[in-house]
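These are the residues of each chain, in order.
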Amino acid sequence: MERTYRSANVFYIPALILFGVFVVYPFLDGVRIAFTNWNGYSRSYSYVGLRNLARLFSDRNVRLAFGNSLIYGFGSTILQQILGLSAAVLLDKKFPGRTVARTILYLPVLVPAVTMGYMWVQLLRLDGGVNDLVQVLGGHRVLWLSDRALAVGAVVAVNTLQYMGISMVIYLAGMQAIPSVYYEAAQLDGAGPWEQFRGITIPLLYPAFATSITLNLIGGLKLFDLVWALTSGGPGYTTHSLATLIYSSYFESQLAGFASANGIMLFATILAITAMLQAGLRRTEVELS
Amino acid sequence: MKKSIWRTGFVVAMAATAVAASAAERRLTVALNVSQADATFTAVTAIAKDYVKQHPGVAIDVVALPVYEQTMKTKMAANDLPDLWSTHGWSVARYSEYLTPLNDQPWFGKINPTIKPVITDKAGKVFVLPFDVDVAGIAFNRAVLDKAGVDPFGIKTWDDFKAACAKVKASGKIPVHIGGSAKDSWTVGNFYDWVAPSFLITNEKKNFRTALKDGSFDWKSWGQVAKLLVEFRDAGYLNPDYTQGTWQDVGQKMAAGEAAFGFYGNNVIGEAKKFNPAGKYGFIPVPAAGKDDAPSLITGERVTLGVWKDSKHKADALEFLGFCARPENVNRIATINGNPTGLVGSAYRSEQGDLSPYFAKIGGVRGFPYFDREYLPNGMWDSMCNTGMGLLANTMNLDQAIAKMKEDYLSLRGQ
Amino acid sequence: MNDVAASTSDVDQGVEPAGRGASVWTLWGRGPWRTLTAVLLCAVQLVPLYVTLAVALKPQTDLSSTWALPRHPALGNFARALEEGGILSALLNTAIITAGSTALVVAIGALAAYPLARSRSRFNEAVTLFVLSILMIPGLSLLVPLYVLMVRMHAISTYWGIIPIHVTFQLPLSIFMFTNFIRAIPRELEEAALLEGCGVFGIFLRIVLPLLKPVTVSVVLLTAAQVWNDFQYSVYFLPRPTMRVLTVAIASYFGISGSDLHVAAAGALLAILPMTVLYLLLQKYFVRGMVESAFK
């Protein structure tokens, strides 16, 4: 049987060809650009060695953006797991309005991030809906997107709200696969809801958790659309994610080489973090079982 | 099975594309940097339609490319450009490498002398047909100024201007609407573009024109320019949401009589008119930094078109450009924003409408090119916008803003 | 498998498992409390959509508060979006591109996932990691070199140019999900087919593929949504107005001059509609499809 399966390896050749042409080749070209001083559009440029790589370490904005990307990645991921899991538990058992709720909570996932960003920009304006609410609750109107801490928080919040639907669905699927005999047995033993949750739900949801956290983390670390739509990296470079900084360096500052070097660093970072995450997840899985 | 239906549909779609692509032979593409809802877009489309009627065998697609500058840069990188495109002020500094010189065109001699230096490169070549000339000062809502008791023509220096702002503020209106949101960060860059010349360029006796161009500029002098922005903010002369105002807000507030001044070209008046066509608007030259200097104007490209030097239909493109150069077409575009025509001669005339009294008063006022296009290396527009926004939001202090400008200036010059 | 089916339907009926202690689902409270919590959560998620709807129903000259619905809702913005924005032709383009890309992603992805799921050689593990790592490359890093490549292939503003691009970048997720799902299928069926003399492709086609229906639906939904909503690549690779997709058509209303937020809002809502309908139609398969693929 193993020999038959091995002969099926040809099946992934079409995929590999696509990757080779449209990913590997452009990526290598991008690496080459990282060693130039190209401005992104001129026919002429020259090679400048490691100058762009050095700038990665000296530029204050890179450090800011790196920190922001970590916040966007880990912050959103943690919140999405909490929200997604809570929603899954909420929607697991049938109650009036469950189907509607499941659809509505997933709906934002179907909205393009750019559009969602524009929608929230309108809401977060000085005269916008969110400030209206704040005023009704007795607070002062705030310029949400003009203060670094508030703006970064806003990005994390909107990103969480928009994509919690994905974790919710992953957890829902996981929960629906847990036979309720386990819960029944636990109930007969007198275990309360919290103990059932901790003892049965969480361990058996582990694979779902691993998938959800991996996908959410990769998405959050390379976040671009939402940040660009909400803040364009401002005010004054403070809310850039690495992805938006790359875009701005390339198209606005016309530093194609620097942007490319930044892109390689972002890719390497996500790769490293994901690898560490996978290792950690696999170890905990062994411990749990 | 479901899949075979998809597959058939896919093949049919591919075939349809192939058929459609082979339809018209000589097809010109004209790319504009405005949105489809813009009056300029409508005008150019109409001109193209007239041309096509008189020249069968040619088709013209007028396209509003979204994210125009990024798209154009990507296209340049691949040497895959439209036959004609608008250069929005960068015909020499950015696009000239890819444009056909137009000195041999029949209309070349008619180019408005005001704009000619701006669109000519060091070797004397011109790369675009200018439809109109951007003549910009500080625009305002006249009714707001009247109510506040401000005489716009009496404003000659920044001190005069600040006094006027104080009066407007006292009357309960916004003196200067600076926009300021991250989405429209260009509004902040614009403020700098307007203010910088008065401190650094316009004074014939003391200016930094050469220093900026040869790299010896001492960036400490930028402090005066940046300080004005901070002073306006601290004195309460800006719109209260000065870090989140959008371009839409500028037009709306000015139209509603809520805001007085705007540091934009007269297209802001066009915007305001959309919300309130009956409003009274005007403009004055940009004030001088001190009494030893005179107010000035900012002149530059507005609507232009150039021809790709590797275009497959260059002859047709040049002929279309010649058609655009006809008085009726030039006038049509220039009248949209009430700007002077880019070509001069007997039949060239633009309707300045209710801005005429203001145009009448600017005879003899000197015009200077856009600060960032002329005196700063390519790519510093972004630095101006971001440091300005940083100052407004207090995420940067003056020294940091100056340092960032200097850092970008040196690194971009080195390219 | 049978246990799962039985228990799912129990829970679906709302039958509380018997026992002394309360069930885990009462963490959120019983009946009406659950509904209330659900309503609150949904309200938050609906806020941006509601506001967009309010904006879409007002003409540009209406400056009232963001929360208020207009007294005389005007459908004029929707009409303008349809006529001027070229939304209809953009809709057709987007539909063709999405359908084509999704179909290919399913076909190529399932094919590629089969050996990766079944034959766990060192090389194949490396291939799996390589595929996953493609998800991690920031889009802009590849944009310009990709554009140059597409120009040289004369693939700009063509369906057959953009579809392979979308397929390439959606494949990693689909391969990931198919691989997990196939691993959960017992090998006995394929071994039996081999004994009957089936070739490996025949095994895949006749035994494995039909079993992949649930996860295929999940892949279709996720891939279609991402291709439908793509802006970053579509805006550069499909510049010709006749070839524009929805996201680009809507963005064309945000220019520096002549921007009209209200028409843009109307256009955005129109664009979300088809994906929502697709989700509603397929959602009952969705959850069950993710059951097997989600946790391996």
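Quick caveat: nothing in here was measured; it's all calculated off a predicted structure. (Residues numbered from 1 in each chain as written. Chains lettered and ligands numbered in written order. Predicted model: local features only at pLDDT ≥ 70, side-chain atom pairs only at ≥ 80, totals over all residues. Heavy atoms only, no water.)

Colleague: Is there a simple way to explain unusual backbone geometry in this structure?
Modeller: Excluding glycine, residues mostly have negative phi values, and the peptide bonds linking residues are mostly trans. Even without being a glycine, Ser232 of chain A presents a positive backbone phi close to 50°. For Ser232 of chain A, the location among the structural elements is in the loop between helix H12 (225-230) and helix H13 (242-252). Although it is not a glycine, His154 of chain C sits at a positive phi angle of roughly 55°. Within the secondary structure, His154 of chain C sits in the loop between helix H6 (139-152) and helix H7 (159-184). When its relative accessible area of 66% is taken as the criterion, His154 of chain C is described as exposed. (Helix = DSSP H or I, 4+ residues; strand = E, 2+ residues; numbered from the N terminus. Buried < 20%, exposed > 50% of the residue type's maximum accessible area, 1.4 Å probe, protein only.)

Colleague: Mind showing me how you'd approach the domain arrangement of chain C here?
Modeller: One frequent convention defines the size of an interface as the accessible area lost when the parts assemble. All names here are of chain C. Splitting chain C by domain gives domain 1 (17-71) and domain 2 (77-295). Approximately 740 Å² of surface area, both sides summed, lies buried where domain 1 meets domain 2, with 68% of it carried by carbon and sulfur atoms. There are 0 salt bridges connecting domain 1 and domain 2. Our count for the domain 1 to domain 2 interface comes out at 2 residue pairs in polar contact (both at pLDDT 80 or more). When grouped by side-chain class, the residues that make up the side of domain 1 that touches domain 2 number 6 nonpolar, 2 polar and 2 charged. (Domains from an automatic or database assignment. Buried area = accessible area lost by both parts, 1.4 Å probe. Salt bridge = Lys/Arg side-chain N within 4 Å of Asp/Glu carboxyl O. Polar contact = N/O pair within 3.5 Å; in protein donor to acceptor, adjacent residues only side chain to side chain. Nonpolar A, V, L, I, M, F, W, Y, C, P; charged D, E, K, R; others polar.)

Colleague: Before we go on, may I ask you to explain the sheet that holds strand S5 (residues 133-136) of chain B in this structure?
Modeller: Working definition: the strands of a sheet are paired by backbone hydrogen bonds and lie parallel or antiparallel to each other. Residue and element names in this part refer to chain B. Strand order across the open sheet formed by 3 strands is S5-S10-S12, with mixed pairing between neighbours. Both outer strands of the open sheet, S5 and strand S12 (367-368), are each paired with one neighbouring strand and no more. Relative to S12, strand S10 (residues 297-301) is paired through 2 bridges, and the arrangement is parallel. Among the inter-strand pairings, Ile298 is bridged to a residue of S12, identified as Phe368. (Pairing = 2+ DSSP bridges.)

Colleague: Looking at this model, I keep getting lost on helix H16 (residues 380-392) of chain B. Mind explaining?
Modeller: The periodicity of an α-helix, 3.6 residues per turn, causes residues three or four positions apart to be oriented the same way. For H16 of chain B, which comprises 13 residues, the first-to-last C-alpha distance of 18 Å matches the rise-based estimate of 18 Å (1.5 Å per residue) to within 8%. Judged by how many residues are buried, H16 of chain B sits mostly within the fold: 12 of 13 residues are covered. Residues of H16 of chain B that are buried include every one of Met380, Asp382, Ser383, Met384, Cys385, Asn386, Thr387, Gly388, Met389, Gly390, Leu391 and Leu392 of chain B, and no others. Where H16 of chain B is buried, its residues contact H13 of chain A together with helix H7 (186-200), helix H9 (222-234), helix H15 (371-375) and helix H17 (398-413) of chain B. Positive backbone phi, at 65°, marks Asn394 of chain B, one or two positions downstream of H16 of chain B. (Expected span 1.5 Å × (residues − 1). Contact = heavy atoms within 4.5 Å.)

Colleague: In this structure, what is going on with the side chain of Asn124 of chain C? I would like to understand it.
Modeller: Positionally, Asn124 of chain C belongs in helix H5 (residues 122-134). Only 2.7 Å separates the side chain of Asn124 of chain C from the backbone oxygen of Ser119 of chain C, close enough to count as a polar contact. Setting aside residues no more than four positions away along its own chain, Asn124 of chain C makes contact with Asn9 and Tyr12 of chain A together with Pro115, Leu116 and Ser119 of chain C.

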